[in-house]
Amino acid sequence: DTAVSQTPKYLVTQMGNDKSIKCEQNLGHDTMYWYKQDSKKFLKIMFSYNNKELIINETVPNRFSPKSPDKAHLNLHINSLELGDSAVYFCASSQSTGSLSGNTIYFGEGSWLTVV
Amino acid sequence: RKEVEQDPGPFNVPEGATVAFNCTYSNSASQSFFWYRQDCRKEPKLLMSVYSSGNEDGRFTAQLNRASQYISLLIRDSKLSDSATYLCAVNIAGYALNFGKGTSLLVTP
């Protein structure tokens, strides 16, 4: 079974559309994340949730809205997509953020978003 | 100044060679350190944690120098399958991992 799974894996959409990416983890972890990897391969944190509560919200346009219905799920909704949103979006999870041993992050396979 | 910096490479080395990567971090409060490996069009995967005393896992050795705020990864006896991008990651408790941009390694026959 895949530990961190996200769907869809590939998404091609037009500018201005609204799209969602779903993520689920079956590791029993408390913390989930969304990272963005741009064309220059820089992997940057966007959001982090701990037990369904938002704990990290980096400088991300408010067109991006995460939602965590429970601690095993963290979805990402993007409104009014722009060309610059094209990237790979990785969902990830870790046991916690508060302890050193719990900081190891496990990634999903990524969602390749192309905005045309 | 970026929080985590790495030489992007690429490092092109022949099979059997030893290669070393360095990574510097800017926040002295950083507490945990990792090396991840990312293959082309795949997700990053944990290669190894980096401990204060240094640690080894087979052909891979990781070192931490807190005074100079850098970590290193040494790969001995390089294999073709080691070709990948190696990402350094640094964390402060309570926050997410910050990643460097990665160092690209190509091992050639």
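Keep in mind that this is a model prediction, so the values were computed, not measured. What you see as residue numbers is a count from 1 along each chain, following the sequence as written. For this description, chains carry letters from A and ligands carry numbers from 1, given in the order in which they are written. Reporting of local features is limited, given that this is a predicted model, to residues whose pLDDT is at least 70; pairs of side-chain atoms are given and counted only at 80 or more, and all residues count toward the totals for whole chains, interfaces and linings. The side-chain quantities take in all heavy atoms of the structure and omit both hydrogens and water.

Visitor: An account of the overall build of chain A is needed here, citing residue identities and associated values.
Guide: Note on conventions: DSSP H or I runs of at least 4 residues are helices, E runs of at least 2 residues are strands, and numbering of each starts at the N terminus. A tally of regular secondary structure across chain A gives 0 helices and 11 strands. Each radius of gyration reported is based on C-alpha atoms, and the globular scaling rule is 2.2 Å times the count of residues to the power 0.38. Relative to the globule expectation of 13 Å for 116 residues, the C-alpha radius of gyration of chain A, 13 Å, shows essentially globular dimensions. In terms of overall dimensions, chain A has a C-alpha envelope of 40 × 30 × 30 Å along the principal axes. Across the 116 residues in chain A, those meeting the buried criterion constitute 46%. Throughout, a residue-residue contact means that at least one pair of heavy atoms, one from each residue, lies within 4.5 Å. Taking the intrachain contacts of chain A between residues at least 6 apart in sequence as the baseline, contacts between residues at least 24 apart amount to 55%. A total of about 5,700 Å² of accessible surface is found on chain A, and carbon and sulfur atoms cover 48% of it. For the exposure calls, accessible area comes from a 1.4 Å probe over protein chains only, and a residue counts as buried if that area is under 20% of its type's maximum, exposed if over 50%, partly exposed in between. Only the protein chains shown count as covering a residue, and every accessible area follows the Shrake-Rupley method with a 1.4 Å probe.

Visitor: Can you tell me about the interface of chain A and chain B, naming the residues and giving the values?
Guide: It is common to report an interface's size as the accessible area lost on association of the parts. Counting from both sides, the interface comprises 20 residues of chain A and, opposite them, 20 residues of chain B. The buried area of a pairing is the accessible area, by a 1.4 Å probe, that goes missing from both parts when the two are put together, added over both. Summing the contributions of chain A and of chain B, the shared interface buries around 1,800 Å²; its carbon and sulfur component is 61%. When a carboxyl oxygen of Asp or Glu is within 4 Å of a side-chain nitrogen of Lys or Arg, the pair counts as a salt bridge. At the boundary of chain A with chain B, the tally comes to 0 salt bridges. As used in this structure description, the phrase polar contact means that two N or O atoms lie within 3.5 Å; if the pair is within protein, one of them must be able to donate a hydrogen and the other to accept it, and residues adjacent in sequence are counted only when both atoms belong to side chains. Inspection of the chain A/chain B interface yields 3 residue pairs in polar contact (both at pLDDT 80 or more). At the level of secondary structure, the elements contributing two or more residues to the side of chain A that touches chain B comprise strand 4 (31–37) and strand 5 (43–50) of chain A. Examining the composition of the side of chain A that touches chain B, we find that 3 residues originate from one element, strand 4 of chain A, more than from any other. Under the scheme applied here, ten amino acids are nonpolar (Ala, Val, Leu, Ile, Met, Phe, Trp, Tyr, Cys and Pro), four are charged (Asp, Glu, Lys and Arg), and all others, including Gly, are polar. A class-by-class count of the residues in the side of chain A that touches chain B yields 12 nonpolar, 6 polar and 2 charged.

Visitor: Could you give an account of the side chain of Thr61 of chain B, with specific residues and numbers?
Guide: Residue and element names in this part refer to chain B. Secondary-structure assignment places Thr61 in strand 7 (residues 60–65). For Thr61, a relative accessible area of 11% puts it in the buried group. Within the structure, the side chain of Thr61 is placed 2.8 Å from the side chain of Arg76, a separation counted as a polar contact. Among all residues touching Thr61, those that are not within four sequence positions of it are Met48, Asn55, Glu56, Ser72, Leu73, Leu74 and Arg76.

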